[in-house]
Amino acid sequence: MATVSVSYHVPTSQRRLSRKDCSSSFPAYPRLNSICPSSAQQLVVSHNLLKWRQSLVLARAEEKAKSSASMQPISDGNDTDKFNEELLSRPGTCDPLCSVDEMCSQDFEASYQPKTDLLKALTILAAATVGAVAINHSWVAANQDIAMALVFILGYAGIIFEESLAFNKSGVGLLMAVSLWVIRSIGAPSTDIAVAELTHASAEVSEIVFFLLGAMTIVEIVDAHQGFKLVTDNIRTRNPRTLLWVVGFVTFFLSSILDNLTSTIVMVSLLRKLVPPSEYRKFLGAVVVIAANAGGAWTPIGDVTTTMLWIHGQISTLNTMKGLFIPSVLSLAVPLALMSLTSEANGKGQESDMLASEQMAPRGQLVFAVGIGALIFVPVFKAVTGLPPYMGILLGLGVLWILTDAIHYGESERQRLKVPQALSRIDTQGALFFLGILLSVSSLEAAGILRELSNYLDVHIPNPDLIASAIGVVSAIIDNVPLVAATMGMYDLTSFPQDSDFWQLVAYCAGTGGSMLIIGSAAGVAFMGMEKVDFFWYLRKVSGFAFAGYATGIVAYLATQNLHLLDSVPTLAKVPFLSGS
């Protein structure tokens, strides 16, 4: 009688699960992230062992059926039941087939925190109280500015402390936006005026949201095809100090085309293949954060804040690239030079061979070329046609969509490489967060609150360079998107014309200022999550270097502008179809 050997390999990604990975890596249990990681791991492995047991029994039954016509009955059901009983008899484990709404009592008691629930209840009560006050039309009509300021402060506090309150910042942002516009509709001279203001604000905000959605989808398609391997696989040096500079400037130029978050994820993933876990790898990751923020500041598509300023006409493509390139390079080069002098940059014992990585997907080089070309073509499209940038990004997405459908036609196993699957993986909640924040700020602008704030700053801080520099420092603590959005509402193009020193300095400071703290930018937050870096480690080891680069960049920008050092630099501004970009 032949014997059958059946093996079931549990992937490493399912053997070691974090709280964040549970629900995404095992979609059959959507609430798995509410269980502690150890229990979630037991549940996933138990489920896989059960599948292995059932497949083993089935394989034996099929083999016996082939080898003997008079086979003996096999109690596969009993074997399965016995295996389930063994699982249930283990302490601290749940039935892998039980309802996802039922949690082990031990896990529940261990994770239950009454103080946290009380804090959440008080927060919701405070929000409900503000909503009840907003219903009082007469009070809101007489105190519109106070009501909107209270709602904005409360909503922004919910965004800042989202981890403690367990509220997603996207939901808080949307709720805040709607509440502010309700108050504005009550306090406006008439509802028709408020509706007209909202319509105008929605048209401007939607341009940014459509642009971000299109850009994120293009980047996701390129990443699904492993296109970025063309960049990362060419890093061959193993000298620790040289690798520090190479990683920094590769990230710098990659971030000028992609957004800083994507660049950080790509480069930190590369570092995992180059360097084993160590203090030196954390140091390299910190370099990636500084480089990603610096690289996104000098191009209109490299950072969300520069994209906002570009779309609304505060900055143009060529003048911004010419004016901010040197400050951005210095904001990276100065930290690199200082970090190269430290003992961590020695990287003793860290030289290692490149680890195995995924193979590039079929036609990955073609998709990479078309995707990056689509991103670079957006400023040219805007200059040639005069249409908003989001039309250019949608054009690139449409071309890439048709291309991927054509090259993967009939390949059902490669559906993940097509646009519909890419749309399910993009950061939609991030786009909704931008929508909520920008609509909230636009309501403050419509009510005239931001104009009053700008008048106050003009009186007490008459130097616009100091205002722009302060924005960068504050962006290390508070998200730079609402800061820049508020600045755009406070100062219009009549106060500071396009490409004035103020707007370019705001673009630089808001982009690079977040490097001073690890929580100051999306790149820093991604690095902190991927490498489990402590806030105080970054503050102690990196923040000083990042501040030195930030300050050097400001000094360099002011020097080049005041001394007119760039006036003799040749530009393409005289080319007819690029002059208005």
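Where an unreviewed UniProt entry is consulted, the protein chain appears under the name Citrate transporter-like domain-containing protein, with the organism given as Aristolochia fimbriata. In UniProt, the protein chain has this text filed under Sequence similarities (unreviewed entry): "Belongs to the NhaD Na(+)/H(+) (TC 2.A.62) antiporter family."

Draft legend 1. The arrangement of the overall build of the protein chain in detail. Looking only at helices and strands, one finds 28 helices and zero strands in the protein chain. The proportion of buried residues among the 581 residues of the protein chain is 45%. Taking the contacts inside the protein chain whose residues are at least 6 apart along the sequence as the reference set, 76% of them involve residues at least 24 apart. Put simply, the protein chain shows about 28,000 Å² of open surface, and 63% of that area lies on carbon and sulfur atoms.

Draft legend 2. Structural context of the confidence of the model for the protein chain. Confidence in the prediction of the protein chain, expressed as mean pLDDT, is 75, and 72% of residues score 70 or more. Counting interchain partners and residues more than four positions distant, the pLDDT-below-50 stretch residues 64-81 has twelve contacts.

Draft legend 3. Structural detail: the packing of helix 11 (residues 191-224) against helix 18 (residues 364-385). The interhelical angle for the contact between helix 11 and helix 18, taken along N-to-C directions, is 160 degrees, at an axis separation of 9 Å. With respect to helix 18, the axis of helix 11 lies roughly antiparallel. Between helix 11 and helix 18 the crossing geometry is left-handed. Each of Phe211, Ala215, Ile218, Val219, Ile221 and Val222 in helix 11 lies in contact with helix 18, whose residues at this interface are Val367, Phe368, Gly371, Ala374, Leu375 and Val378.

Draft legend 4. Expanded view of the pattern of salt bridges. Inspection of the entire model under this criterion finds four salt bridges. Of the charged contacts, one joins Arg281 and Glu531 as a salt bridge, the two residues approaching to 3.0 Å between their closest N and O atoms. One end of the pair, Arg281, is in helix 15 (residues 279-297); the other, Glu531, is in helix 26 (residues 522-531), and 250 residues separate them in sequence. Summarising the burial analysis for this pair, Arg281 and Glu531 share the class buried.

Draft legend 5. Representation of the packing of aromatic side chains within the structure. Applying the stated rule across the entire model yields 15 aromatic pairs. A ring pair is formed by Phe496 and Phe502, whose centres lie 4.3 Å apart and whose planes are at 20 degrees; its orientation type is stacked. Assessed through its relative accessible area of 2%, Phe502 is described here as buried. Taken together, the aromatic side chains of Trp245, Phe249, Phe252, Phe253, Trp298 and Phe325 make up a single cluster linked through ring pairs. Sitting over the face of the ring of Phe433, Lys169 holds its NZ or CZ atom 4.6 Å from the ring centroid. Over the face of the ring belonging to Trp537 we find Lys282, whose NZ or CZ atom lies 5.8 Å from the ring centre.

Draft legend 6. Expanded view of helix 16 (residues 304-311). Of all the eight residues making up helix 16, eight are buried; the element is thus mostly covered by neighbouring parts of the structure. Within the sequence span of helix 16, burial applies to Val304, Thr305, Thr306, Thr307, Met308, Leu309, Trp310 and Ile311. Among the residues trailing helix 16, Gly313 stands out with phi positive, at a value near 90 degrees.

Draft legend 7. Geometry of the side chain of Thr307. Secondary-structure assignment places Thr307 in helix 16. On the basis of relative accessibility, which here comes to 2%, the residue Thr307 falls in the buried class. From its side chain, Thr307 meets the backbone oxygen of Asp303 in a polar contact 2.8 Å long. Excluding its chain neighbours within four sequence positions, the residues that come into contact with Thr307 are Phe211, Pro300 and Ile301.

Draft legend 8. Focus on the environment of Val525. Here Val525 lies in helix 26. Residue Val525 is classed as partly exposed on the basis of its relative accessible area, which comes to 40%. Not counting the four nearest positions on each side in its chain, Val525 is found in contact with Ile518 and Ile519.

Draft legend 9. View of the nonpolar core. Grouped together as the largest cluster of nonpolar side chains are 125 residues, with contacts concentrated most on Met308 and Leu375. With near-sequence residues (within four places) excluded, Leu375 lies in contact with Ala215, Ile218, Val219, Ile257, Leu258, Ile301 and Ile393.

Draft legend 10. Structural view of the packing of helix 10 (residues 169-187) against helix 11. For the pair helix 10 and helix 11, the least separation of the axes is 7 Å and the interaxial angle reads 145 degrees. Crossing of helix 10 against helix 11: the hand is right-handed. Along its contact with helix 10, which presents Trp181, Arg184 and Ser185, the element helix 11 presents Thr191, Ala194, Glu197, Leu198 and Ala201. Looking at the contact of helix 10 with helix 11 residue by residue, the class counts come to four nonpolar, two polar and two charged.

Draft legend 11. Fine view of a nonpolar patch on the surface. Where nonpolar side chains cluster on the molecular surface, the patch consists of Leu118, Leu122 and Leu125 and spans about 310 Å² of accessible area. Summarising the element assignment, Leu122 is placed in helix 6 (residues 114-135).

Draft legend 12. How the structure looks around the environment of Lys282. Mapped onto the elements, Lys282 comes out in helix 15. Here the alpha-carbon distance between Lys282 and Trp537, two residues 255 residues apart in the chain, equals 9.6 Å. Other than its neighbours up to four places away in sequence, Lys282 contacts Phe527, Val533 and Trp537.

Draft legend 13. Structural detail: the environment of Tyr508. You can see Tyr508 is positioned in helix 25 (residues 501-512). Accessibility expressed as a relative area gives 0% for Tyr508, which makes it buried. Residues Tyr508 and Ala294, 214 residues apart in the sequence, show an inter-C-alpha distance of 8.0 Å. Residues within four places of Tyr508 in sequence aside, it is in contact with Ala297, Leu324, Pro327, Ser328, Ser331, Gly513, Gly549, Tyr550, Gly553 and Ile554.

Draft legend 14. Fine view of the side chain of Ser443. Among the structural elements, Ser443 can be located in helix 21 (residues 428-446). A relative accessible area of 0% means that Ser443 is categorised as buried. Filtering out sequence-adjacent residues up to four positions away, Ser443 remains in contact with Met148, Leu180 and Trp181.

Draft legend 15. Spatial organisation of unusual backbone geometry. Although it is not a glycine, Asp499 adopts a positive phi angle of roughly 65 degrees. Residue placement: Asp499 occurs in the loop between helix 24 (480-490) and helix 25. The exposure class assigned to Asp499 is buried, which follows from its relative accessible area of 17%.

Reading the values: the criteria
Residues numbered from 1 in each chain as written. Predicted model: local features only at pLDDT ≥ 70, side-chain atom pairs only at ≥ 80, totals over all residues. Heavy atoms only, no water. UniProt positions renumbered as here; feature names shortened; annotations may be inferred. Helix = DSSP H or I, 4+ residues; strand = E, 2+ residues; numbered from the N terminus. Buried < 20%, exposed > 50% of the residue type's maximum accessible area, 1.4 Å probe, protein only. Contact = heavy atoms within 4.5 Å. Areas by Shrake-Rupley, 256 points an atom, 1.4 Å probe, with all protein chains shown as cover. pLDDT = per-residue confidence, 0-100. Axes fitted to C-alpha atoms, helices over the stretch in contact; angles between N-to-C directions. Parallel < 35°, antiparallel > 145°, perpendicular 65-115°, else oblique. Left-handed = near helix turned anticlockwise from the far one by under 90°. Salt bridge = Lys/Arg side-chain N within 4 Å of Asp/Glu carboxyl O. Phe/Tyr/Trp six-rings, centres within 6.5 Å; stacked < 30°, edge-to-face > 60°. Lys NZ or Arg CZ within 6 Å of the ring centre and 35° of its normal. Polar contact = N/O pair within 3.5 Å; in protein donor to acceptor, adjacent residues only side chain to side chain. Core = buried A, V, L, I, M, F, W, Y, C linked by side-chain atoms within 4.5 Å. Nonpolar A, V, L, I, M, F, W, Y, C, P; charged D, E, K, R; others polar. Patch = residues over 30% accessible without salt bridge, like charges linked within 9 Å, V, L, I, M, F, W, Y side chains within 5 Å.

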